[in-house]
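Structural description and commentary
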Amino acid sequence: MGLLFKNEGHVVFRPAKDVDLTPASSELYLRANVKAPRMAGFLVKVFAWFLESRIFGTLLLFILKRDNLIHKLVTNAELEEPPVYVPLHPLDDKEEQDVKQVGSDLSPPELVQQAIECLPVSLENTLNGSNFSFRHWTISDYSRAYTSGEITPRTVAEHLIAAIHESSTPPLQMSFFINYKAEDILKQATESTLRYEQGVPISALDGVPIAIKDEIDCLPYPTTGGTKWLHNLRPCTDDACCVKCLRLCGAVLVGKTNMHELGAGTSGINPHYGATRNPYSRSKISGGSSSGSAAVVASGLCPVALGVDGGGSVRMPAALCGVVGFKPTFGRVPHSGVLPLNWTVGMVGILAGTVEDAFIVYAAISCQLPPRQLSVSPKVNFPLLNSTKPISSIKLAKYGEWFNDCSDDIRECCSNALERLQKKYGWKTVEVTIPEIEMMRLAHYVTIGSECSTSLSSFLEKLDFKELGWDARVALAVYGAFSGKEYIKAQKIRNRQMQFHMNLFTQVDVIVSPTIGVTAYTILDDALNTGELDYINGAALVRYSIAGNFLGLPAVTVPVGYDKSGLPIGLQLIGKPWSEATLIHIALAMQDLYVSEYRKPEVYYDLLNKNSVF
C-alpha cells in the first residue's frame, strides 16, 4: 500500500500521486482478509439475533469490523485526498478506433438500427457455416426467423411460457423468475406477430423475449427487490427508462427475474423465491445478485436480460453461468425507475448470449427519453464490428499478483485466453501494479452498505423484520453499523483509486483479469430457507468486480472456458470511462476465439425449435 507509516490500529497513506504503479513498485498485494465462518440454517438465525441485540450487537459488529480490517484500512486510515462522492467522469474527446458517432437523442428503434448496421454483413453466413458444438440463438436469429415466417413471436411466446412452467416445477425447480404473466406475454407477442404479418416490425428487437431483473420497474409487475414486502411500500407506477426503451423497440418483456434479496449477497439464494440454479449444473449457484437474469439467458429462455450491477452483480453471475455481462460507464444509461438501493455504485447492465446482442440492447437503452435524464453526452460511439480487421495496437494492463489470486482452473484458463488474444491480434500486455485493491473492496463494501441502509431507512421503520430473509437481516444489521466517518473515509479511498486508474489508463486501453475468483459452488440444503453467509466465497466472487462499480468504469465479461467440472469461467475487461465501443471491440475479438468451444448447458430450451442444428 502507499504506506508512510503504521500506528497501532491505523495506517497513514502517502498521497496518491506519489504511489508507484509500475511492475517494479514496492506496493504489497494484500489478499482479502475475510474472517467469518459460513453460516446457514439455525446458525444464521442465532447470528442475526445477536447482531440485532442492543446488548451484544454493538460489540459483535465492532469485532467483525476489526477482524476484517475495516477499522484499520478504512475507519482510521489517514489520507490527504478529499472525498469523491459520485464517480461521474468528465467526457473524454479522444478518438476511439473504428467507431461511428450517433446521437443519443435518436429513438430506441433508430439506435438499434444504427447498431445492426455496425454488425458484420456476413454474420448469418459465418454462423451457419461454422462448426459450433453449441451457440445461443441471437437477436438476429429471432429477427430472421420472424421475417421469413419460419416461426412467429406468438409461437415463441407459447414455447417460452411452457418452458418457464417446466423450469419452475419439480424436478428442475430452477427458480428463474419471481413474477411472469402468461396473458401479458401472449398479448405482446400477438401484437408483434401482427406487425410482422403486415411487414412493419418496429426494429430487430420486435418480438424478441427479454427478461427484467426485479430491481427494475416494469409494468404490469410489482418491483420486489427480491423481498416479500418492498413492493407494498414502493408501488411500481411506470416502466423504468431502460424498459421503456425496450418496449418502444417492440421487445416482448417476459417478466421479473429472481435476485438475491435486496441485492445483499453473491449466491443468488433467495429464501422467499427459491435458489436460482445454474443451468450448467442444477446443484450449483448462479451468482448474485442478478441471478435469474444470468440463468434465463444461459438456459436459452431469452437471448438478453437486464440486470443491475452494484458490486459485480451483472458480471459475476454472467461469468458463473457462461454468458456475456456488460456494465456501461456510470451515467451512460438513464437510471430512473431502478430501485435506488446503491445510487453511486449500482448501474443497469446487460446479460446476453453474445457480445453482439449485448451491444444491440446497450444501443437501445442508451437513448435519452424525455423528460431528459442526466445526459452525459449528446453523442455516443458505436463500434464498427463489420471492419475486416480488428482494432490495432491495443495495450492490456495486467497486475500479476491480483490476476493470479484465484483458483488454479481459473488462473490457467484466463492466462491461456490472454495468450491467445495476444497471439491472434498482436496486442501487447503491460505489467502494472494496482495498489490497495483490498482497501478498495472494503471501501466499496462500506459505500454500498451505507447507501442500501440509507435508501431503505424509511421503509425499515415500518417493517416487521420477520418479513426479511435471515441473511438479509444480517446484511442490514452490518450495513446500519457503518458511520458517517467511515462513509467519508471510503469516498477518500474512491478518490485515490480513481487517480490510480486514470494514471494507468494513460498507458493502456483496458485492464484485464479473471471475472471471478472461484467457479460456481454447491447450493446446500441448509441455506434454502434462511439464505447463507459465506463471506469467504463472496469475497472471492467479487474480487475482480469492484473497480467497475466503485469507480464508475465500463466493464465486460466474456466466457473463455470451463473448469475441470465443466463450470463456466469468464475473462473480464475494464475500460476507460466512456470507452464502451473499444471494450465491445475487444470483447468480440475474445468471443471469436472461443465461440466454437462453447458447451450446451445441462438445462437449455430451444425456443426457435432448431434442435437439429446441434
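The sections below set out a description of the structure shown in this document. Because the structure is predicted, anything quoted here is derived from the model rather than measured.

Turning next to the overall build of the chain. Scanning the chain from terminus to terminus reveals 21 helices and 21 strands. In terms of C-alpha radius of gyration, the chain reaches 23 Å, essentially the compact-globule figure of 25 Å for 614 residues. If one aligns the C-alpha atoms of the chain with their principal axes, the spans along those axes are about 75 × 55 × 50 Å. Considering the chain as a whole, with its 614 residues, one finds that 64% of them fall into the buried category. For the chain, long-range pairs separated by at least 24 residues make up 82% of all intrachain contacts whose partners lie at least 6 apart in sequence. Just so you have it, the chain exposes about 22,200 Å², and 53% of that area is on carbon and sulfur atoms.

Bringing the state of the cysteines into the picture now. Enumeration over the complete set of coordinates arrives at zero disulfides. Of all cysteine sulfurs, the one in Cys245 lies closest to Cys367, which takes part in no disulfide; the gap is 4.6 Å. A disulfide-free cysteine, Cys452 has its sulfur positioned 19 Å from the sulfur of Cys236, the nearest such atom.

Attention now goes to the layout of surface pockets. Empty space left among the atoms is revealed by rolling a probe the size of a water molecule over them. There is about 850 Å³ of room inside the largest pocket. Surrounding the largest pocket, 45 residues form its lining, Thr266, Arg441, Tyr445, Tyr479 and Tyr535 being those nearest its centre. Of all elements in the fold, only helix 2 (57-67), helix 16 (437-460), helix 17 (470-479), strand 19 (532-533) and helix 19 (535-542) reach the threshold of two or more residues within the lining of the largest pocket. The residue makeup of the lining of the largest pocket, split by class, is 25 nonpolar, 14 polar and six charged.

This next bit is on the side chain of Arg473. Relative to the helices and strands, Arg473 resides in helix 17. Exposure remark for Arg473: the relative accessible area of 8% places this residue in the buried category.

For the peptide bond that leads from Leu219 to Pro220, omega is 10 degrees, which places it in the cis range. Note that Pro220 resides in the loop between strand 6 (209-213) and helix 9 (230-233). Omega for the peptide link from Gly288 to Ser289 comes to 5 degrees, which places this bond in the cis form. With respect to the element layout, Ser289 can be found in the loop between strand 11 (281-285) and helix 11 (291-298). Its identity as a non-glycine residue notwithstanding, Leu69 has a phi of 65 degrees, on the positive side. A positive phi is found at Trp578, a non-glycine position, where the angle reads about 70 degrees. Along the chain, Trp578 turns up in the loop between strand 21 (568-575) and helix 21 (580-594). Residue classification places Trp578 among the buried positions, given a relative accessible area of 7%.

Another aspect to go through is the sheet that holds strand 21. Sheet architecture is open: eleven strands sit in the order 5-7-6-12-14-13-20-21-18-16-17, paired in mixed fashion. Each of the sheet's edge strands pairs with one partner strand only, and the pair in question is strand 5 (177-179) and strand 17 (428-431). On average, each strand axis in the sheet is inclined to that of its neighbour by 35 degrees, with strand direction left out of account. In this sheet, strand 17 lies alongside strand 16 (residues 395-398) in parallel orientation, the contact comprising four bridges. The residue bridging Leu396 from the neighbouring strand is Thr429, located in strand 17. In this fold helix 13 (residues 355-365) packs onto strand 6, strand 12 (304-309), strand 13 (324-327), strand 14 (347-352) and strand 20 (555-562), with an angle of close to 145 degrees to the strand it touches most, strand 14.

Looking at helix 19, one finds that the buried residues are Gly538, Ala539, Ala540, Leu541 and Val542. At its buried positions, helix 19 is contacted by strand 11, helix 12 (315-321), helix 16 and helix 20 (546-550).

In this structure, Leu205, Ile210, Leu246, Val361, Ile365 and Leu456 are the most contacted members of the largest nonpolar core, which totals 208 residues. Sorting elements by how many residues they give to this core places helix 16 first, with eleven residues. With residues up to four places along the chain from it excluded, the contact list for Val361 reads Ile139, Leu205, Ile210, Leu246, Val304, Leu306 and Ile350.

Definitions and limits used
Residues numbered from 1 in each chain as written. Predicted model: local features only at pLDDT ≥ 70, side-chain atom pairs only at ≥ 80, totals over all residues. Heavy atoms only, no water. Helix = DSSP H or I, 4+ residues; strand = E, 2+ residues; numbered from the N terminus. Rg over C-alpha atoms; globule rule 2.2 N^0.38 Å. Buried < 20%, exposed > 50% of the residue type's maximum accessible area, 1.4 Å probe, protein only. Contact = heavy atoms within 4.5 Å. Areas by Shrake-Rupley, 256 points an atom, 1.4 Å probe, with all protein chains shown as cover. Disulfide = S-S within 2.5 Å. 1 Å grid on protein atoms, 1.4 Å probe; cavity = no way out; pocket = protein on both sides within 12 Å on 5 of 7 lines; lining within 4 Å. Points joined across faces, edges and corners; volume = space filled by probe spheres on them. Nonpolar A, V, L, I, M, F, W, Y, C, P; charged D, E, K, R; others polar. Pairing = 2+ DSSP bridges. Axes fitted to C-alpha atoms, helices over the stretch in contact; angles between N-to-C directions. Core = buried A, V, L, I, M, F, W, Y, C linked by side-chain atoms within 4.5 Å.

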